[in-house]
Amino acid sequence: MWSEFFTVSSLVVVLASTIRLATPFLFASLGETLGQRSGVLNLGIEGVMLIGAFSSYYAASKTGSPWMGVLAALVTGCVMGLLYAFVTLVLHAEQGISGIGVFLLGLGLTDVLFQRWVGTPIPIDGLDPWNIPFLADIPTVGEIFFQHNPLVYLSVLLVVVATVVINRTTFGLNIRAVGEAPDAADTLGISVNRTRLFTILIGNCMAGLAGAALVLPFGTFQQNLTSGRGFIAVALVYFGAWRPIGAFAGSLLFGFVLAVVNQFGALGIVSGATSSLTAMAPAILTIVVLAIVSRRIGQPAALSKPFDRNG
Amino acid sequence: MLTIKKRARTSPAVLAMSLFAALGLAATGCSSSSESTSETLAPEVTTEAAVETTVAVEPFRIAVISPSAKNDSAFSQSIFDAVTRISETMEVEIQVSDGLFVVEEAAKAIRGYAEDGFDLVIAHGSQYGGPLQEIAPDYPDVAFAWGTAVDTFGLANVSSYSVRADQGGYVMGVIAATLSAAKNIGVVGPVEVGDAKLFVDGFKSGVGSKDPDVKVNVNYIKSFGDVALATEAATAFVANGADVLTGTAQMVVGAIAVAKAEGIPWFGTQSNQTALAPEIVVASQVYHWEVILATIIADVKSGVLGGKTHIATLANGGLVIEYNDAFKLDPEVKALADKTIAGLADQTINTGVK
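Note that the coordinates shown come from a computational prediction; the quantities given were computed from them, not determined experimentally. (Residues numbered from 1 in each chain as written. Chains lettered and ligands numbered in written order. Predicted model: local features only at pLDDT ≥ 70, side-chain atom pairs only at ≥ 80, totals over all residues. Heavy atoms only, no water.)

**Focus on the overall build of chain A**
Along its length, chain A carries 14 helices and two strands. Looking at chain A as a whole, 56% of its 311 residues qualify as buried. In chain A, the share of contacts with a sequence separation of at least 24, taken over all contacts with a separation of at least 6, comes to 78%. A total of about 12,500 Å² of accessible surface is found on chain A, and carbon and sulfur atoms cover 68% of it. (Helix = DSSP H or I, 4+ residues; strand = E, 2+ residues; numbered from the N terminus. Buried < 20%, exposed > 50% of the residue type's maximum accessible area, 1.4 Å probe, protein only. Contact = heavy atoms within 4.5 Å. Areas by Shrake-Rupley, 256 points an atom, 1.4 Å probe, with all protein chains shown as cover.)

As structure tokens, this is what we get:
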């Protein structure tokens, strides 16, 4: 059986699956990276992902267009961002607890709305794969990298965009400044709360997209669909040392572990107690990575600290 | 004596956090307790005498607690459909608390219904066994039913119920073996326990009895709710050459979506899953718990509140294979399946699953 795993066709399945599985993690962790670089911790992205997932399913099922689902996920993510910004920036609520509140809100709200508005989770038309011309036809490589749904390509593109924004733009400089030394940034005329508002909105929109990325490829929804992916995405920000490329690497690593475990199951390589152990691999990986990374890399100095100009 | 009174001032931050937490908890609670539906359903009566009789009888009060939505097209829907069918035969009051995947919340609901004096409290989920074992002794006059399980904890007011899901799985396996040209079938399972394991083992046995050369790979994804992972598991099966799929538990909606997109035959279980993908669902093994519930209710009415284990089978009608008429199944295959059902019912065929 192991010989079946180490074949080119199996490798293609694992790597293509890695990229698909990494996409929701990537959207969510990229958004959270931007937020944390500006000093905002949002533990509620699991809830925002759920709301994005439900809204994308509902909008796509009602309009018949998965792209309306993408739009709905962005809009609801933005609304949740405004809510979170109001609570944390205007009312100066403690960010950790507020995030848990957002998570509970997303969990409960999607559960209620799903039961009242949807009921039976009939599969809807999802996003078709975009085969990139010429590249998709390359043997093996094409199948792994260039035959995915558009959200996969968008997530990778956003890694580049986020990297450029953080390192090469004034807005990025402001983000880093308010995340490290908000008082100093304020004295230089940078609006700390306005900068954080933008990163919260962007982060929540991307969490909404992460939810859509779970739903739209095959067009189905179920309660608690995210199954803890939002919390793992927060861990991936630490894994990635608050850098978009790090979040990208972490997402791919997580996707890879999940894909390998999945392929073990698909080929019947592991069963029983062994499969239980392999299923624990992602959780073990999270703990190990966080233990290593947290010793080496410092987080943004003002992370999770509310800013109040009046002290 | 001077008394200084401090006027407590609640900061906006505390208020905001409280509001968020309250909103979240309210919404979460909404999805469970306040989602509870209360219905008094009476059977249709056609004669005046029957009307008089029905009016005079107090409705039998049933509460159902389930882990997922009552319309999940799988486990929870099977019990909701069952009590609905019961309501067509007798006057009942039904309350449903669904979506209680958190056991502690379910325990509160179980105790609440017992406190309210319901005649029968159904804890529909094997994970509810622990709290039920603690709660049931506190309410000796209330009957509890627990499934899928075979343990009554030695309590006189607890019945357990389970299902020979291996029987339906076996029938599905026989059919599936005839449909798999690639001789490669994928099964998406949640956790290797209970009726999920029985179904999967029965399915494998059925495939093997028809064609031992057909390969059946099973991927237990270790989750009842991770639709995305179930989707990816099904995708991996297809990528590895599977041309027939099945699976069990509520997360399989993702796998069904893959089967639908790929045009691959799917076998359902727990509830009739035809509505999810009429093009590709071949048949569903459906749990008709009302057969079991009717017995339990009769026992309760006669003063026996529990202490028994009830098993739904093909023989007693608690387990039914429902074909999807829209799927063009070869008449010979259907005849073979019917023969297998009859053989399992009269025990001339054994699934071999222990």
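**Digging into the overall build of chain B**
A count of helices and strands for chain B gives eleven helices and 13 strands. A buried classification covers 58% of the 354 residues belonging to chain B. For chain B, the computed accessible surface area is about 14,400 Å², with 55% contributed by carbon and sulfur atoms.

**Quick notes on the UniProt feature "transmembrane region" (unreviewed entry) in chain A**
Residue and element names in this part refer to chain A. UniProt tags residues 40-60, 67-91, 97-114, 151-177, 197-219, 231-261 and 267-293 as "transmembrane region" (unreviewed entry). In the segment residues 151-177, helix accounts for 96% and strand for 0%; the C-alpha atoms at its two ends are 31 Å apart. Taken as a whole, residues 197-219 contains 83% helix and 0% strand, while its terminal C-alpha atoms sit 32 Å from one another. (UniProt positions renumbered as here; feature names shortened; annotations may be inferred.)

**Some thoughts on the pattern of salt bridges**
Note that side chains of opposite charge can pair when their charged atoms are close. Residues and elements named next belong to chain B. Overall, the coordinates contain eleven salt bridges over all chains when judged by the stated rule. Linking aspartate 211 and lysine 183 is a salt bridge whose minimum nitrogen-to-oxygen distance equals 2.5 Å. With aspartate 211 in the loop between helix H7 (194-210) and strand E8 (215-220) and lysine 183 in the loop between helix H6 (165-179) and strand E7 (184-189), the pair connects residues that are 28 residues apart, well separated along the chain. In this structure lysine 183 comes out as partly exposed when scored by relative accessible area, which is 35%. One salt bridge in this structure joins lysine 197 and aspartate 201, with 2.6 Å as the shortest N-O distance. Of this pair, lysine 197 and aspartate 201 both sit in helix H7, four residues apart, which is roughly one turn of the helix. (Salt bridge = Lys/Arg side-chain N within 4 Å of Asp/Glu carboxyl O.)

**With respect to the nonpolar core**
In this structure, Leu151, Phe221 and Leu225 of chain A together with Val188, Leu245, Met251 and Trp266 of chain B are the most contacted members of the largest nonpolar core, which totals 91 residues. Residues Ala143, Met172, Val214 and Val216 of chain B belong to the second largest nonpolar core, which totals 59 residues. (Core = buried A, V, L, I, M, F, W, Y, C linked by side-chain atoms within 4.5 Å.)

**Quick notes on the packing of helix H3 (residues 45-63) of chain A against helix H11 (residues 229-239) of chain A**
All names here are of chain A. For the pair H3 and H11, the least separation of the axes is 7 Å and the interaxial angle reads 130°. In terms of orientation, H3 and H11 fall into the oblique class. Our pair here, H3 against H11, has a crossing hand that is right-handed. Where H3 approaches H11, its residues Ile45, Glu46 and Met49 are matched on the opposing element by Arg229, Gly230, Phe231, Ala233 and Val234. Of the residues contributing to the contact of H3 with H11, the split by class is five nonpolar, one polar and two charged. (Axes fitted to C-alpha atoms, helices over the stretch in contact; angles between N-to-C directions. Parallel < 35°, antiparallel > 145°, perpendicular 65-115°, else oblique. Left-handed = near helix turned anticlockwise from the far one by under 90°. Nonpolar A, V, L, I, M, F, W, Y, C, P; charged D, E, K, R; others polar.)

**Describing the sheet that holds strand E11 (residues 281-287) of chain B**
Residue and element names in this part refer to chain B. Spatially, six strands are ordered E8-E7-E9-E10-E11-E13 in an open sheet, and the strand pairing comes out mixed. Pairing within the sheet leaves two strands with one partner each, and these edge strands are E8 and strand E13 (319-323). Averaged over all adjacent pairs, the angle separating strand axes in this sheet is 15°, with direction ignored. Here strand E9 (residues 244-247) runs beside strand E10 (residues 266-270); their pairing, made up of two bridges, is parallel. Residue pairing across strands places leucine 245 opposite tryptophan 266, the latter belonging to E10. (Pairing = 2+ DSSP bridges.)

**Quick notes on the interface of chain B and chain A**
The accessible area lost on association of the parts is a frequent measure of interface size. Taken together, the contacts link 50 residues of chain B with 51 residues of chain A. Between chain B and chain A the total buried area reaches about 4,100 Å² when both faces are included, carbon and sulfur atoms providing 63% of it. Counting every contact that joins chain B to chain A gives three salt bridges. Among the ionic pairs, glutamate 232 of chain B bridges to arginine 20 of chain A, the shortest N-O distance being 2.6 Å. Taken together, the links from chain B to chain A amount to nine residue pairs in polar contact (both at pLDDT 80 or more). Mapped by element, the contributors of at least two residues to the side of chain B that touches chain A are helix H1 (12-32), E8, helix H8 (227-239) and helix H9 (253-262) of chain B. Element by element, the count of residues in the side of chain B that touches chain A is highest for H1 of chain B, at 13 residues. (Buried area = accessible area lost by both parts, 1.4 Å probe. Polar contact = N/O pair within 3.5 Å; in protein donor to acceptor, adjacent residues only side chain to side chain.)

**Points about the state of the cysteines**
A covalent bond between the sulfur atoms of two cysteines is referred to as a disulfide. All names here are of chain A. On inspection of all chains with the given rule, the structure shows zero disulfides over all chains. Sulfur of cysteine 78: no disulfide; nearest cysteine sulfur belongs to cysteine 205 and is 4.4 Å away. On the accessibility criterion, cysteine 78 (27% relative accessible area) is partly exposed. (Disulfide = S-S within 2.5 Å.)

**Re the pairing of strand E3 (residues 92-97) of chain B**
Residue and element names in this part refer to chain B. Burial runs high along E3: six of the six residues are buried. Alternating positions in E3 separate into two faces, Val92, Ile94 and Val96 on one and Glu93, Gln95 and Ser97 on the other, with burial throughout. Where strand E2 (residues 60-65) and E3 come together, six bridges link them in parallel fashion. Across the sheet, valine 64 pairs through a bridge with valine 96, a residue of E3. Viewed along the sheet, the connection from E2 through helix H3 (residues 75-87) into E3 turns out right-handed. (Right-handed = clockwise from strand over helix to strand, strands pointing away.)

**A closer look at the environment of isoleucine 280 of chain B**
All names here are of chain B. The topology assignment puts isoleucine 280 in the loop between E10 and E11. Judged by its relative accessible area of 5%, isoleucine 280 is buried. Setting aside its immediate chain neighbours within four residues, isoleucine 280 contacts Ile256, Ala259, Lys260, Gly263, Ile264, Pro265, Trp266 and Phe327.

**Some points on a nonpolar patch on the surface**
Residue and element names in this part refer to chain A. On the surface, a nonpolar cluster with roughly 330 Å² of combined accessible area is contributed by Met68, Leu71, Val75 and Val79. Its location among the elements puts valine 79 in helix H4 (residues 66-90). Assessed through its relative accessible area of 49%, valine 79 is described here as partly exposed. (Patch = residues over 30% accessible without salt bridge, like charges linked within 9 Å, V, L, I, M, F, W, Y side chains within 5 Å.)

**Section: the confidence of the model for chain B**
Residues and elements named next belong to chain B. Chain-level pLDDT for chain B is 85 on average; 84% of the residues reach the 70-or-more range. Low confidence marks residues 1-10, where pLDDT is under 50. Its contacts with residues over four positions away, or in another chain, come to one contact. Note that residues 29-54 has pLDDT below 50 and, in this model, 53 contacts with residues that lie over four places away or in other chains. (pLDDT = per-residue confidence, 0-100.)

**Re helix H5 (residues 95-118) of chain A**
Residue and element names in this part refer to chain A. The end-to-end C-alpha distance of H5, which contains 24 residues, comes to 32 Å, matching closely the 34 Å that a straight helix rising 1.5 Å per residue would cover. With 17 of its 24 residues buried, H5 lies for the most part within the structure. Two or three places before glycine 96, at the opening of H5, glutamate 94 has a side-chain oxygen 3.1 Å from that residue's backbone nitrogen. (Expected span 1.5 Å × (residues − 1).)

**Considering the packing of aromatic side chains**
Residues and elements named next belong to chain B. Evaluated as defined, the whole model comprises 20 aromatic pairs over all chains. Relative to phenylalanine 118, the ring of tyrosine 113 lies with its centre 5.1 Å away and its plane at 75°, an arrangement referred to as edge-to-face. By relative accessible area, tyrosine 113 is classed as buried at 5%. Consider the rings of tryptophan 146 and phenylalanine 153, whose centres lie 4.9 Å apart with planes at 25°: the pair is stacked. The exposure classification of tryptophan 146 matches that of phenylalanine 153, with both residues buried. The aromatic ring of phenylalanine 118 is capped on one face by arginine 61, whose charged end is 4.1 Å from the ring centroid. A cation sits over an aromatic face here: lysine 334 above tyrosine 323, 4.5 Å from the ring centre. (Phe/Tyr/Trp six-rings, centres within 6.5 Å; stacked < 30°, edge-to-face > 60°. Lys NZ or Arg CZ within 6 Å of the ring centre and 35° of its normal.)

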